[in-house]
Amino acid sequence: MSQPGGRALSVEVLQAKHVGTGHSDISKHEWLTNQHRDTLASHVGSHDHLLFLAVGQNESAGKVRADALEKMLEPCGPKPKTAEAEE
Amino acid sequence: MSQRNVDSDIAEARASRAKADGQRSGGRSDDLKFGGGQTSVDDAMYDAGQAGEFVTEMVESDHSDMDESDDDEVVDMGTAVNKEASPSAQPDDFAELRERNGSGVVNTRISDRESDYHKRRNNRVALDVDSEGNKLSYREIMENQEVEREKAELEEKVRKIREKNGEVAPQEETATTTTTTTTTSSTAAKGSRWDEPAAEEAKPKRRRRWDATPVAAGVDATPAAGGKWDETPSAAPAAKKRSRWDATPAAVVVEKLNAQAKEAKKDLSADPRATLIEQEMEFRNRPMTDEEINNLLPASGYKILPPPADYKPLRLNSSKKDMSAYAAVGQTPGFMIAQTPVREEYGIPLGPSGTEGVDGIPFIKQEDYQYFGKLMEDKNESELTKEEIKERQIMVLLLKIKSGTPPQRKTGMRQITDRAREFGAGPLFNQILPLLMSPMLEDQERHLLVKVIDRVLYKLDHLVRPYVHKILVVIEPLLIDEDYFARIEGREIISNLAKAAGLAVMIATMRPDIDNLDEYVRNTTARAFAVVATALGVQNLLPFLKAVCRSKKSWQARHTGIKIIQQIAILVGCGILPYLKEMVDIITQGLTDEQQKVRTICALTLAALAEAAYPYGIESFDGVLRPLWKGIKQHRGKGLAAFLKAIGYIIPLMEDNHANHYTREVMPILIREFQSPDEEMKKIVLKVIKQCVSTTGVTATYVREEILPDFFKHFWIRRMALDRRNYKQVVETTEELGNKVGAVDIIDKIVEDLKDESEPYRRMVMEVITKILTNLGASEIDQRLEERLIDGVLYAFQEQGVDNAAEENTIMLDGFGVVVNSLGVRCKVYLKQIAGTIKWRLNNKSATVRMQAADLIGKIAVVMKACGEDQLMGHLGIVLYEYLGEEYPEVLGSILSALKSIVNVIGMTKMTPPIQDLLPRLTPILKNRHEKVQENCVDLVGRIADRGAEMVNAKEWMRICFELLEMLKAPKKSIQRASVSTFGYIAKAIGPQDVLHTLINNLKVQDRQNRVCTTVAIAIVAESCGPFTILPAIMNEYRVPELNIQNGVLKAMSFMCEYIGEMSKDYIFAIAPLFEDALMDRDNVHRQTACAAIRHLALGVAGLGCEEGCIHLLNFVWPNIFEQSPHVINACLDAIDGIMVAIGPNYLMLYVLQGLFHPARRVREIYWRIYNSMYVYAGHSMVAGYPRMEDEGDNGYAMTTMEVFI
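Chain B is annotated in an unreviewed UniProt entry as Splicing factor 3B subunit 1 from Triparma verrucosa. Per UniProt, the comment on chain B under Sequence similarities (unreviewed entry) is "Belongs to the SF3B1 family." Chain B has a UniProt comment under Subcellular location (unreviewed entry) that states "Nucleus".

Identification of chain A as Splicing factor 3B subunit 5 from Triparma strigata is taken from an unreviewed UniProt entry.

In this section: the overall build of chain B. The helix and strand tally for chain B stands at 60 helices and zero strands. Out of the 1206 residues belonging to chain B, those deemed buried represent 37%. Contacts in chain B between residues far apart in sequence, at least 24 positions, make up 76% of those at least 6 positions apart.

Taken together, the contact pairs 26 residues of chain B with 26 residues of chain A. Looking at the side of chain B that touches chain A, the element that brings in the most residues is helix α60 (residues 1161–1182) of chain B, giving eleven residues. Taken together, the residues that form the side of chain B that touches chain A break down as 13 nonpolar, nine polar and four charged.

All names here are of chain B. With respect to the secondary-structure elements, methionine 812 resides in helix α42 (residues 806–823). Each C-alpha atom of the pair methionine 812 and glutamine 800 lies 7.9 Å from the other, and the pair is twelve residues apart in sequence. Beyond its immediate chain neighbours, meaning those up to four positions away, methionine 812 contacts Arg763, Met766, Ala796, Phe797 and Gln800.

To continue, consider the confidence of the model for chain B. Residues and elements named next belong to chain B. This prediction gives chain B a mean pLDDT of 80; 77% of its residues lie at or above 70. Scored below 50 in pLDDT, residues 20–106 makes 127 contacts in the model with residues more than four places away or belonging to other chains. This prediction of the complex comes with two scores: 0.62 for pTM and 0.93 for ipTM.

Thresholds, definitions, all that
Residues numbered from 1 in each chain as written. Chains lettered and ligands numbered in written order. Predicted model: local features only at pLDDT ≥ 70, side-chain atom pairs only at ≥ 80, totals over all residues. UniProt positions renumbered as here; feature names shortened; annotations may be inferred. Helix = DSSP H or I, 4+ residues; strand = E, 2+ residues; numbered from the N terminus. Buried ≥ 20, exposed ≤ 12 C-beta atoms within 10 Å, placed from the backbone. Contact = placed C-beta atoms within 7 Å. Nonpolar A, V, L, I, M, F, W, Y, C, P; charged D, E, K, R; others polar. pLDDT = per-residue confidence, 0-100.

Okay, structure coming up:
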């Protein structure tokens, strides 16, 4: 991403605009959490896809939708404890 | 200068006041002595009349000063648009000064262009240190301030009592009394009066904190610079006032006294030249010797008379004055041939040959010796203490930054930033701040030093706290600088400072300045506070502002508090909306303050708030409506002006019926003030009328009946047209009135004035008519008015002055054009007359008149066509053709543009003269280097090439092609563009081969700009004649092993791909091998240009089934992602972005996944950059392509929903 003049956007600005963007020090968990959220948002956002999932899982569309929204909170579970955090 | 002890001062002051003889004291003990001494001398020296005059002058200037600062506020707010651009009192003065100083490079010394008001920055006092330089606590500072204020009030009171007792006669009387009263009776009184200004004068001077800094010592240390001061101890500041007394040699005594005082002060702002000139004047006015008189007069016929017995020469000791000094300088010591300015003065850094500095230290300018003189002393490093070494290091760095070459500056800047913490805040600021206060400082130097502060601030962070006030004193003046960038810089520094020091420290430091006695200090402090508020959040400052605005102790505090809110409103604009209610509540009671100034600023602040809040927030102003509307019935003069202004800004926020009601309320006052003689009031009244009328609530009938008659009576008079600002305001307001009541009402009233004898007035009428007709059209205008209008416009056009400024002439010209165009076909009957006028004026001997006539043809050509006057146009065409030999380029340009507009409307075939005659006449004109001629000529030629190319033979077109090549490098972009598109037209007309040949040859030239334009032209030809006509030729040309040519070809292809868009899908496989070669070239410009081309190519073929080709090219582009050069890497990433559009993000994802978690950070960084760009552009499509992951411990990474399928 760059500005009109060709200068690159700073990481903070980019991050503020687009939450799912990453950087060179991102952890696997963070990256995947973003992916999951994007995916779930995509499901919720396109109704046809939602109906498809509902049929596939034999659930009501509303339930699938609510589940997806619920799951977005922590889609991949809690943040894994790193060596630093344990210290 | 000796520091003063406040307590003893006060005691002394009281004691002296108690004395019945009226001897007044200044605030300072040494001044007291000085004043006393002077009194006796004065009595002997001046007769009473002179002394009285002097007093008058002093008092007057004092008052006018105060008025000025008050005016400032109104004026400042008065120009709503310019408010941001000119916070200073007289912006025009500076513009003029700067113009006089040329480009501003040679003399940009800041102190030279400062107004008196700006100069007051030198009077600021350090509040936070006492006489011994100890830090004072906040409480002590506030106490000192309190004492100061009380003292000032007391002095003021005493002055008033004196005046009442008649000890100081009112100013008007002074002149008459001096002639009638006898000296004996008045001596005592006069003496005391004389004393007064001395005391007054002493007050603002107080202690100058910069004297305390050790820099002054440098003067003694460097004899070269010090010599200047030794020679002429009586420095310039005294010169201005002194000059009057110079005639009497007796003044020497005073001068000596002055000189001693001045010498003690070491006022650094002295200009040595002034002293030189003074010396010369004294030398020239010296009494003639007998010998000289003998030489002048004939020997016979004259007799020397003895002087009368009672004559006593007035001069006391002028004979003692050493004339030999002058002899040494020469007969005319004031004259000298100025030295050729050194390169440095032009801003050109000294090259290696010219450097006089030693050891890589830049040359130290004469005036900088006092700061950097220490560096020239030879000292052994080992003898120096640690602090001294540090000091020297900082000094070297600062010198490098201030007067070094750009590389020196760069390293200096970097080192001082890197080592800021090591040096410490104290040593750094102790050196930087005095430099910034130097009277010799120039713009560029100030900019650099401010930059240093900015960088250092960032590094030091909270360590700057002790220096906040010192920094503010230096930076605050930037906030009212006339230079926009200086203001921005000042704001940035203060905001950084606020962030580094924190709100509490900022408030504690700036609080004492809020009720400072000096208006200048309060003004700058208010602005600085506004900056702090925006930096740290307006919300946080509101409680403080609330307290300040309700201060009971001093009106100054209330005034400043309200002003802070005004400045915040100006600074953050609509950002104040969340706090609007609170802010209005805070200042409401200022409207009924007992101090006039507080009421005024409060009204102005409301205006600023309403302006910033527009069109929202009327409910916040509910509380102030009553006091405002009540206020306009109570106030007069400036106060009223401010109130009206606030009303003018609040009314547009209101709902329709409210606006109508309140407008009716205020209107009688406004109409009454129509006749106010005050210029400021006039402008505000006009502005308010405009604002009121523009609201929908006010009806046309009301405006027509109530406002218009008085409005025209008072504002449509000649005098209003003379002042630029009045003129603009009247025009704007009338335009707004016109929008409300319709065109006829206005035009009918002023159309006769088009024949007025005053030209500026005619211009004002014309401008209003132009604006009204543009806004409303001419449909309402009836036959009779139409005749009067055309008649008036013709008169005004013909009678306009020849040597007016360009913009003045365009008013008449545009006006004519607008009138004719808005009347449309109704003009038919007048066209003959108009054409006659034009023809007559085309023959005029003044170039401007000819140019206007030609321009007018351009403006009315469309209407002529609409009226069916083809024959007339043909005739005009021939007339213009005959004038193509015009020698003034401006006129020639206009004639060409007139021809162009005729050709445009009557078409190629009907054009007279025929095109085949016209074009050959234009070819030589293409050689003309004048921009206006070039532009119009190329346009005309392009027009002909576009529409009537077949009327001219191919040979002529080739000739034009060669001329056009030269024009490709014209400095003006529009000419480049016009000539490039003309290439396209010509190529289309005569076939691409010949043109292309010329263009390809042109790729070999050295001039880069020429080559770039050529590549654009090639691309245009490709677009207009089809890529297949040129691709073989340019791809063949790529085989020439020459850098410029190959790059030119690539660039041409890049432009071509951009222009032909989707068409490129037929060529992608044909040109891919060429791109492969370019992307594998060693030269990175090859790769960069190829990347740019591929980007356009990929964007063009997106969705057209060329994924295969794009992926193939991507494989060649990809290795370039690790390029270092910013141009190459940007081009490469752009190409990848383009290809992403063509092949979709998920294919690209496979490339990106390889490096997202690479062990090397540099690799990861670039891969994430590409990933992010993909995410931003095509985040949603990426959902389908995220890689499959497996669960890991507690974390369920698998994306199960994506695996569902029916």
